[in-house]
Amino acid sequence: MNNSIRFESHFIPKQDKTNILYERNEKNNGKIIISRKHPELQQLFYNQTTLSILDLCNGTSTVEEIARKITKKYKGAEYSEVLDDTINTIHMLWRLGFIVWVGENPFLSIYRKSNGDYQYSMLNEDEAVLWMENNVPQFYSPLNIKDINYTETAIKQNSFSFYETYFQLKRKDEELLTLSLIMPIAKECFFKIGILNCDITENDSEVVIDFLKWICEKHKQFFALSANAESIVCFVRPSDSVIIRFLKEYCKADLVGVFRKELEDDSDVEIYQILIK
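Parameters and conventions
- Residues numbered from 1 in each chain as written.
- Predicted model: local features only at pLDDT ≥ 70, side-chain atom pairs only at ≥ 80, totals over all residues.
- Heavy atoms only, no water.
- Pairing = 2+ DSSP bridges.
- Helix = DSSP H or I, 4+ residues; strand = E, 2+ residues; numbered from the N terminus.
- Axes fitted to C-alpha atoms, helices over the stretch in contact; angles between N-to-C directions.
- Disulfide = S-S within 2.5 Å.
- Buried < 20%, exposed > 50% of the residue type's maximum accessible area, 1.4 Å probe, protein only.
- Core = buried A, V, L, I, M, F, W, Y, C linked by side-chain atoms within 4.5 Å.
- Contact = heavy atoms within 4.5 Å.
- Salt bridge = Lys/Arg side-chain N within 4 Å of Asp/Glu carboxyl O.

Engineer: Is there a simple way to think about the sheet that holds strand 4 (residues 44-46) in this case?
Structural biologist: Adjacent strands of a sheet form backbone hydrogen bonds with each other and so pair up, either parallel or antiparallel. One open sheet accounts for three strands, arranged 2-3-4; its pairing is antiparallel. Every other strand in the sheet has two partners, leaving strand 2 (20-25) and strand 4 as the edge strands with one partner each. Geometrically, the sheet is characterised by an average inter-axis angle of 30 degrees between neighbouring strands, direction not taken into account. Sheet topology note: the strand 2/strand 3 (residues 31-35) ladder contains five bridges and is antiparallel. Paired with Tyr22 across the strands is Ile34, a residue of strand 3.

In structure tokens form, the structure reads like this:
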């Protein structure tokens, strides 16, 4: 993770043992831990350094203080490098549910962006699940299966791994656009998006491209394998006129292909491409 967070004195992590489903000490001073929040990850091995950082998350020490203690523990270690490693480790531990924050959570700033009256956000897995529970999506990707791709388990697993990440665009806290971004696979050089809700108007058109570029750059920040992606593709039913208008008018998308009679009802699937370079 590219770190752009300034860790001030009031950022204090605290270990949360309620999310530890199982743990076992290993002979090499490491430990096997299973996260209650993400049991699908099975038995994760944590080395001595990671465990030292976790133990120092005591609810009183700041991130900087933890990094300084780790630096003193290892001869020849450079504080700046240890701080970066500490931040990345704590970010991972927080996502696994092993860390909570006493007061403000500094990581939220890397999942959010303000642009005048608009707010961009990358939803974590809990937020994505909550949104799906409280909303009926206007649209589903025609190539996804609702009862498989949008279950709580699937959303949590895909969000955590950054395989399918959920994003929102709001204006003054009013939801305008909710979509999922699927990472490139193998040698693909494009993202795939699934639009769930779309209430974009002409007044919002200028911010749409900036938002799409932001979600792609945000994904690249967390997942190096998406670094070469240069475009977004969206699979749409020809009957989804709202999405097609959104793609053509506000995203400057081009129709680049059609899957003929792809779906069970023998309807086509249109493929639109948005350049993000």
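Engineer: I tried to follow the state of the cysteines on my own but got confused; where do I start?
Structural biologist: Formally, a disulfide is one covalent bond, and it connects the sulfur atom of one cysteine to the sulfur atom of another. Across all of its chains, the model carries zero disulfides by this definition. Just so you know, Cys198 is unpaired, no disulfide at all, and the nearest cysteine sulfur is the one on Cys251, 7.8 Å from it. Among the residues examined, Cys198 registers a relative accessible area of 6% and is labelled buried. Of the residues examined, Cys251 reaches a relative accessible area of 2% and is grouped as buried.

Engineer: Any chance you could explain the nonpolar core here in plain terms?
Structural biologist: Across soluble globular proteins, nonpolar side chains have a tendency to be buried as a group. Ranked by internal contacts, the top residues of the largest apolar core, which has 67 residues, are Ile195, Phe211, Phe246 and Leu247. Here this core gets eight residues from one element, more than from any other, and that element is helix 7 (residues 205-222). Not counting residues up to four positions away in its chain, the partners in contact with Phe246 are Leu177, Ile195, Cys198, Ile200, Val208 and Cys251. Formed by nine residues, the second largest nonpolar core is a distinct cluster that contains Trp131, Met132, Ile155 and Leu196.

Engineer: What exactly am I supposed to notice about the pattern of salt bridges here?
Structural biologist: Should their charged atoms come close, side chains of opposite charge can pair. In this structure the tally under the stated criterion is 13 salt bridges. Arg171 is the partner of Glu174 in a salt bridge, and the nearest nitrogen-oxygen pair spans 3.1 Å. A salt bridge links Glu217 to Lys220, with the nearest nitrogen and oxygen atoms 3.8 Å apart. Of this pair, Glu217 and Lys220 both sit in helix 7, separated by three residues, roughly a single helical turn. Classification of Glu217 by relative accessible area gives partly exposed; the value is 48%. Members of the salt-bridge network, linked through shared partners, are Lys37, Glu125 and Asp126.

Engineer: I'm lost on the environment of Leu255 in this one. Help?
Structural biologist: Inspection of the secondary structure assignment puts Leu255 in strand 12 (residues 254-259). Taking the C-alpha atoms as reference, Leu255 lies 41 Å from Pro39; in sequence the two are 216 residues apart.

Engineer: Looking at this model, I keep getting lost on the pairing of strand 7 (residues 118-123). Mind explaining?
Structural biologist: Each regular strand displays side chains that alternate between the two surfaces of the sheet. The element strand 7 is extensively covered by neighbouring structure, given that five of its six residues are classed as buried. Alignment of strand 6 (residues 112-115) against strand 7, held across four bridges, turns out to be antiparallel. Bridge pairing links Ser114 to Gln119 in strand 7. Here strand 6 hands over to strand 7 after two residues, with Gly116 in that stretch at a positive phi of 65 degrees. Judged from the six bridges that link them, strand 7 and strand 8 (residues 164-171) form a sheet pairing that is antiparallel. Bridge pairing links Gln119 to Lys170 in strand 8.

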